[in-house]
Amino acid sequence: MSDAAAPNVHEDLADLYETAPCGYLSITADGVIAKCNQTLLTWTGRSREDLVGSRFPALLSVGSRIYNETHLAPLLRMQGHVSEVALDILSHGGIKLPMLANAAEKRAEDGRLLFTRFTLLEASDRRRYEHDLIAARDRAVERARMGKAHEAAISSELEDERATASLRDQFIAVLGHDLRNPLAAIESGLHLLRKESLSAQGGRVTELMEGSIRRAARLVDDVMDLARIRLGGGIGIQRSRRMPVEPTLRQVVGEMLAISPGATIVFEAPPALEIEGDPARIGQLLSNLLGNAITHGDPGQPVQVSAGVEGGKFVLTVTNSGEPIPEQTMQHLFQPFFRGASRPSQQGLGLGLHIASEIARAHDGTLTASSAEWRTIFRFAMPL
Amino acid sequence: MSILSRNHVQVSGSGTRAMVFAHGFGCDQNMWRFVAPAFESDFRVIAFDHVGAGRSDLAAFDPDKYANLQGYAGDLVEIGEALDVRQGVFVGHSVSAMIGLLASLKAPEMFDALVMVGPSPRYIDDGAYRGGFSESQIEELLEFLADNHLGWSAAMAPAIMGNADRPELAEELTNSFCRTDPEIARHFARVTFTSDNRDDLGKVAARTLILQCSDDVIAPPEVGAFCHAAMAGSELVTLKATGHCPNLSAPEEVVAAIRAFV
């Protein structure tokens with residue numbers, strides 16, 4: 001080292017020890033404080049006589065005292081040094097002073113422990129920051145835990161909801177099935193009665209009863225179809241071989257005219273048009289669309305039924321005149337139990353269009369509705 | 001995972017009679033590194049880490065199972081059974097003195113001698129009983145434990161735990177002897193410092209040696225005296241050593257006392 005390179009300052013090592021910007025502490029093998037610096041005395045507000053000769057654990061807070069015995073002392077003995085350990089030193093007034101400590105053993109040549117030396121740094125701000133971090137982590141853990149609990153609650157509610165819905169669907173299926181038998185019994189009884197010679201009034205009443213039975217049977221069929229859709233995953237169809245569709249459609253139109261006095265239906269379909277579908281279900285689809293058109297359409301105007309081929313698809317349209325379907329209603333048209341608010345007096349379960357759309361779906365087809373300017377068109381399309 | 005790897009059980013020595021060493025709250029079986037080798041010529045020396053400490057399987061830590069010292073005592077019995085320990089010597093430091101006592105009540109044939117180093121059946125004062133701490137002081141300790149992580153980092157944990165077959169990775173890290181998941185450390189601290197086994201002391205049938213340090217802030221002399229009085233036929237030896245860990249600070253004295261006893 002050259003004189004020229006050395007700064008012209010003479011560092012006083014004794015003063016450096018006493019007034020260094022950190023606390024120094026030397027502890028004997030028996031845990032007695034042998035020496036400390038002025039900085040530590042200043043921080044703790046203690047006198048040298050008070051500190052030197054006293055026991056090191058007494059200088060520590062209770063938590064630090066136990067920690068010193070269970071962690072710090074064993075580590076020092078095993079690895080000879082410890083760094084970055086948090087310790088709370090007690091001031092003269094018993095106030096906890098958060099410190100960060102490094103410590104190293106000083107051993108004699110024969111391995112005997114002479115001192116353990118501690119360097120202490122003030123760490124109040126750092127400790128506060130660490131506490132903030134721990135609190136933030138605890139809050140995050142708690143939030144995550146609550147999030148999970150919330151999720152579990154929602155999923156359990158959903159489960160309950162599903163169980164209830166499933167129970168309701170089963171109830172509907174059983175009810176529908178059980179209603180069919182007494183209804184069939186009433187119907188056959190009525191047939192027997194109609195063969196008797198009845199008074200004029202008897203004839204009128206039994207005729208009305210027949211209509212009522214037909215309506216009731218239809219409602220039951222609809223309910224059964226719904227149950228099949230909900231429980232069986234679809235309405236279920238039995239596809240026939242390719243066969244002409246016109247006779248089926250014509251028959252349905254005739255039946256609807258028979259039970260809808262005053263209604264007119266314009267029907268057109270190519271007689272030779274063949275499709276591969278379930279004739280009974282396609283008939284049901286048309287019947288539901290016609291029922292809807294007659295109920296909601298302008299009674300003074302005819303309903304048009306038209307079948308044909310468009311773009312390689314079988315297309316069946318049912319068109320009625322009358323006020324257009326409101327936009328809001330359009331969105332829910334094919335949902336079960338939906339009844340348009342426009343005519344509350346109309347009776348029915350609100351299943352007709354839902355079932356029709358399910359029949360379309362079962363045929364890999366679509367059922368769509370468009371409504372504008374006094375004309376509403378339902379359009380069923382399926383692969384040929 | 002087998003019991004032996006769960007508790008990182010290490011067996012050494014050439015004797016037939018077993019001597020089982022159990023560490024207390026804080027570090028791991030390394031606490032016995034200056035004591036256990038002295039018995040290897042005469043005993044089958046067994047050391048282990050409590051679940052949650054040292055190189056035990058942290059995945060086996062279950063807060064419910066280890067909600068009290070019985071969970072740890074159950075592990076000790078399992079280790080003894082796995083290694084066929086009968087009429088052996090148990091040496092337990094600090095809280096493990098009580099864990100060994102509970103284990104000996106569960107399996108009386110396992111140990112016929114218990115060595116308790118710095119035992120305390122209850123750390124918190126209770127009426128006339130002086131354990132050395134008030135309830136609020138123990139709470140203060142539990143809070144303070146959160147301030148020291150000693151080389152523990154959640155990010156590092158998988159590397160440490162996943163390399164049981166490559167211990168050099170763990171050894172490279174400083175403070176590894178006392179490194180514990182802070183959550184587990186806090187749990188073990190609560191279980192330890194709120195335990196009360198005063199009623200169990202009188203039930204012990206094995207010969208018992210109490211090693212009491214001269215100046216121990218965790219297990220003061222009056223606690224050692226209480227244990228001695230409660231366990232009929234126990235021997236009490238007061239060591240010259242100070243502090244709570246004579247097994248590290250004065251191993252020769254501890255070895256001599258154990259040797260004289262067995």
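Residues numbered from 1 in each chain as written. Chains lettered and ligands numbered in written order. Predicted model: local features only at pLDDT ≥ 70, side-chain atom pairs only at ≥ 80, totals over all residues.

## Here we look at the packing of helix α8 (residues 279-296) of chain A against helix α10 (residues 352-362) of chain A
All names here are of chain A. Running from N to C, α8 and α10 point in directions that differ by 145°, and their axes come no closer than 9 Å. Here α8 runs over α10; the crossing is left-handed. Contacts between α8 and α10 pair Arg-281, Gln-284, Leu-285, Asn-288, Leu-289, Gly-291 and Asn-292 from the former with Gly-352, Leu-353, Ile-355, Ala-356, Ile-359 and Ala-360 from the latter. (Axes fitted to C-alpha atoms, helices over the stretch in contact; angles between N-to-C directions. Helix = DSSP H or I, 4+ residues; strand = E, 2+ residues; numbered from the N terminus. Left-handed = near helix turned anticlockwise from the far one by under 90°. Contact = placed C-beta atoms within 7 Å.)

## Let's talk about the interface of chain A and chain B
Each side of the interface is counted separately: chain A has 26 residues, and chain B has 26 residues. Elements represented by at least two residues in the side of chain A that touches chain B include exactly α4 (62-79), β3 (81-90) and α5 (124-195) of chain A. With 15 residues, the top contributor of residues to the side of chain A that touches chain B is α4 of chain A. Taken together, the residues that form the side of chain A that touches chain B break down as 12 nonpolar, 7 polar and 7 charged. (Nonpolar A, V, L, I, M, F, W, Y, C, P; charged D, E, K, R; others polar.)

## Section: the sheet that holds strand β7 (residues 265-268) of chain A
Residues and elements named next belong to chain A. Spatial ordering of the open sheet is given by β7-β9-β10-β12-β11, a layout of 5 strands whose pairing is mixed. Of all strands in the sheet, those bounded by a partner on one side alone are β7 and β11 (366-372). Direction aside, neighbouring strands of the sheet carry axes that sit 15° apart on average. Strand direction decides the pairing type here: strand β9 (residues 303-310) and strand β10 (residues 313-321), joined by 7 bridges, are antiparallel. Following the sheet pairing, Glu-310 is matched in β10 by Lys-313. Running at roughly 20° to β10, α8 makes contact with β9, β10 and β12 (375-383) of the sheet. Relative to β11, α10 is tilted by about 135°, and along the sheet it contacts β11 and β12. (Pairing = 2+ DSSP bridges.)

## Looking at helix α6 (residues 200-232) of chain A
Residues and elements named next belong to chain A. Along its 33 residues, α6 runs 47 Å from first to last C-alpha, staying within 8% of the 48 Å computed at 1.5 Å per residue. Those residues of α6 that fall on the buried side of the exposure criterion are Asp-222, Val-223, Asp-225, Leu-226, Ala-227 and Ile-229. Buried positions along α6 lie against α5 and α10. Directly beyond the C-terminal end of α6, a positive phi value near 80° is found at Gly-233. (Expected span 1.5 Å × (residues − 1). Buried ≥ 20, exposed ≤ 12 C-beta atoms within 10 Å, placed from the backbone.)

## Concerning the nonpolar core
Residues Met-19, Val-20, Phe-21, Val-91, Ile-99, Val-115 and Met-116 of chain B are the most contacted members of the largest nonpolar core, which totals 102 residues. Contacts of Val-115 of chain B, omitting those with residues within four sequence positions, involve Val-89, Phe-90, Val-91, Leu-209, Leu-211, Ile-258 and Phe-261 of chain B. Grouped together as the second largest cluster of nonpolar side chains are 34 residues, Ile-275, Leu-290, Leu-351 and Met-382 of chain A included. (Core = buried A, V, L, I, M, F, W, Y, C linked by C-beta atoms within 7 Å.)

## Let's talk about the pairing of β3 of chain A
Here β3 of chain A runs beside strand β4 (residues 96-107) of chain A; their pairing, made up of 8 bridges, is antiparallel. The residue bridging Val-82 of chain A from the neighbouring strand is Ala-103 of chain A, located in β4 of chain A.

## Details of unusual backbone geometry
Glycine aside, a negative phi is what most residues show, and trans is what most peptide bonds show. Positive phi, close to 55°, is recorded for Asp-364 of chain A, a residue that is not glycine. Among the structural elements, Asp-364 of chain A can be located in the loop between α10 and β11. With 9 C-beta atoms packed within 10 Å, Asp-364 of chain A lands in the exposed category. At Asp-84 of chain B, a residue that is not glycine, the phi angle is positive and equals roughly 55°. Take Asp-84 of chain B: it is sitting in the loop between α2 (69-82) and β4 (88-93). In this structure Asp-84 of chain B comes out as exposed when scored by C-beta crowding, with 10 C-beta atoms within 10 Å.

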